[in-house]
Structures are given as C-alpha cells and as structure tokens.
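# Understanding the architecture of this molecule
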Amino acid sequence: MISTRAVVERRQQIGMLRALGFQREMISWIFLIESSFVALLGIGLGAGLALIPASQMITDMAADIPA
C-alpha cells in the first residue's frame with residue numbers, strides 16, 4: 001500500500017524517466033530495488049540496535065551467576 005502511494009506521488013519522476021527512454025520494466029525494477037534497500041537497511045539497523053542492549057543484558061546476567 002505504501003509503495004503504491006509512493007509511485008502515485010512520484011508520477012512526475014516516472015514521466016521524466018519515461019521521457020528519457022526508460023521502459024516500464026526498468027522503472028519497476030528501480031522501485032523494487034529502492035524498496036528492497038530501504039527494507040534491508042531497516043532490518044539491519046533494527047537488528048544491530050537490538051543486539052547492543054541484548055549483549056549488555058547477557059553480560060550483566062553472566063556477572064550475576066555465582067562462580
């Protein structure tokens with residue numbers, strides 16, 4: 001839904017690309033690559049930021065275990 005809205009809002013950009021000779025499939029690939037990049041960046045940042053407090057919690061729990 002969001003990507004469909006982005007395509008509608010970027011109609012002028014799509015028109016310019018078509019005027020430059022881009023085919024419909026090429027423009028579809030551009031949007032697919034852009035969406036994939038944003039999704040992978042979000043996944044990577046989310047996982048990375050989740051691992052920081054997780055590692056700290058593991059360190060604190062390991063320190064509490066009596067030896």
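Residues numbered from 1 in each chain as written. Predicted model: local features only at pLDDT ≥ 70, side-chain atom pairs only at ≥ 80, totals over all residues. Heavy atoms only, no water.

## Some points on the overall build of the protein
The following threshold applies: In this text, helices come from DSSP runs of H or I with a minimum length of four residues, and strands from runs of E with a minimum of two, each type numbered from the N-terminal end. Each radius of gyration reported is based on C-alpha atoms, and the globular scaling rule is 2.2 Å times the count of residues to the power 0.38. Think of it in three bands: with a 1.4 Å probe and only protein chains considered, a residue is buried below 20% of the maximum accessible area for its type, exposed above 50%, and partly exposed in between. Values of accessible area rely on a 1.4 Å probe in the Shrake-Rupley scheme; residue burial ignores everything except the protein chains shown. Here the positive residues are Lys and Arg and the negative ones are Asp and Glu; neither His nor the chain ends is included. A single reference atom marks each charge: NZ on Lys, CZ on Arg, CG on Asp, CD on Glu.
Within the protein, the secondary structure is distributed over 3 helices and 0 strands. Secondary structure elements of the protein, listed N to C terminal, follow the sequence α-α-α. In summary, the protein has a C-alpha radius of gyration of 22 Å against a globular reference of 11 Å for 67 residues, an excess of more than 25%. A principal-axis box enclosing the C-alpha atoms of the protein has dimensions of 70 × 20 × 15 Å. Going through the 67 residues of the protein one by one, you find that 6% of them count as buried. Carbon and sulfur atoms form 71% of the exposed surface of the protein, whose accessible area is close to 6000 Å². Each charge class in the protein was averaged separately, 5 positive and 5 negative side chains, and the resulting centres sit 24 Å apart.

## Observations concerning the environment of arginine 24
Note on placement: arginine 24 falls in helix H3 (residues 24-64). Arginine 24 gets classed as exposed once you look at its relative accessible area, which sits at 64%. C-alpha separation for the pair arginine 24 and isoleucine 14, spaced 10 residues apart in sequence, amounts to 9.1 Å.

## Some words on the environment of alanine 39
The residue alanine 39 is located in helix H3 in this model. C-alpha of alanine 39 to C-alpha of methionine 57: the two residues are 18 residues apart in sequence and 27 Å apart in space.

## Description of the pattern of salt bridges
Threshold: Salt bridge, as used here: a side-chain nitrogen of Lys or Arg that lies within 4 Å of a carboxyl oxygen of Asp or Glu.
A full pass over the atoms with the stated rule returns 1 salt bridge. Across the pair arginine 10 and glutamate 34 runs a salt bridge whose closest N-O atoms are separated by 2.9 Å. Highlighted residues: arginine 10 in the loop between helix H1 (2-9) and helix H2 (11-19) and glutamate 34 in helix H3, separated in sequence by 24 residues. Among the residues examined, arginine 10 registers a relative accessible area of 23% and is labelled partly exposed.

## So, the confidence of the model for the protein
Short version of the rule: Per-residue confidence from the predictor is reported as pLDDT, a score between 0 and 100.
Mean pLDDT over the protein: 88, with 91% of residues reaching 70 or higher. The spread of mean pLDDT over the elements of the protein runs between H1, the lowest at 70, and H3, the highest at 92.

## Points about the packing of H2 against H3
In plain terms, the rule: Only the stretch in contact is used when fitting a helix axis, every axis being a line fitted to C-alpha atoms; angles between N-to-C directions are given from 0 to 180 degrees. Angle categories: roughly parallel below 35 degrees, roughly antiparallel above 145, roughly perpendicular from 65 to 115, and oblique for all the rest. Handedness of each helix crossing follows the sense of rotation of the near helix against the far helix: counterclockwise by less than a right angle gives left-handed, clockwise gives right-handed. Every residue pair with non-hydrogen atoms within 4.5 Å of one another is taken to be in contact. Gly is placed with the polar residues, together with every amino acid not listed as nonpolar (Ala, Val, Leu, Ile, Met, Phe, Trp, Tyr, Cys and Pro) or charged (Asp, Glu, Lys and Arg).
In contact at an axis separation of 10 Å, H2 and H3 are set at 135° when each is read in the N-to-C sense. Taken together, H2 and H3 sit at an angle that is classed as oblique. Of the two possible hands of crossing, H2 and H3 adopt the one that is right-handed. Where H2 approaches H3, its residues Ile14, Leu17 and Arg18 are matched on the opposing element by Arg24, Ile27, Ile30 and Phe31. For the contact of H2 with H3, a count of residues per class yields 5 nonpolar, no polar and 2 charged.

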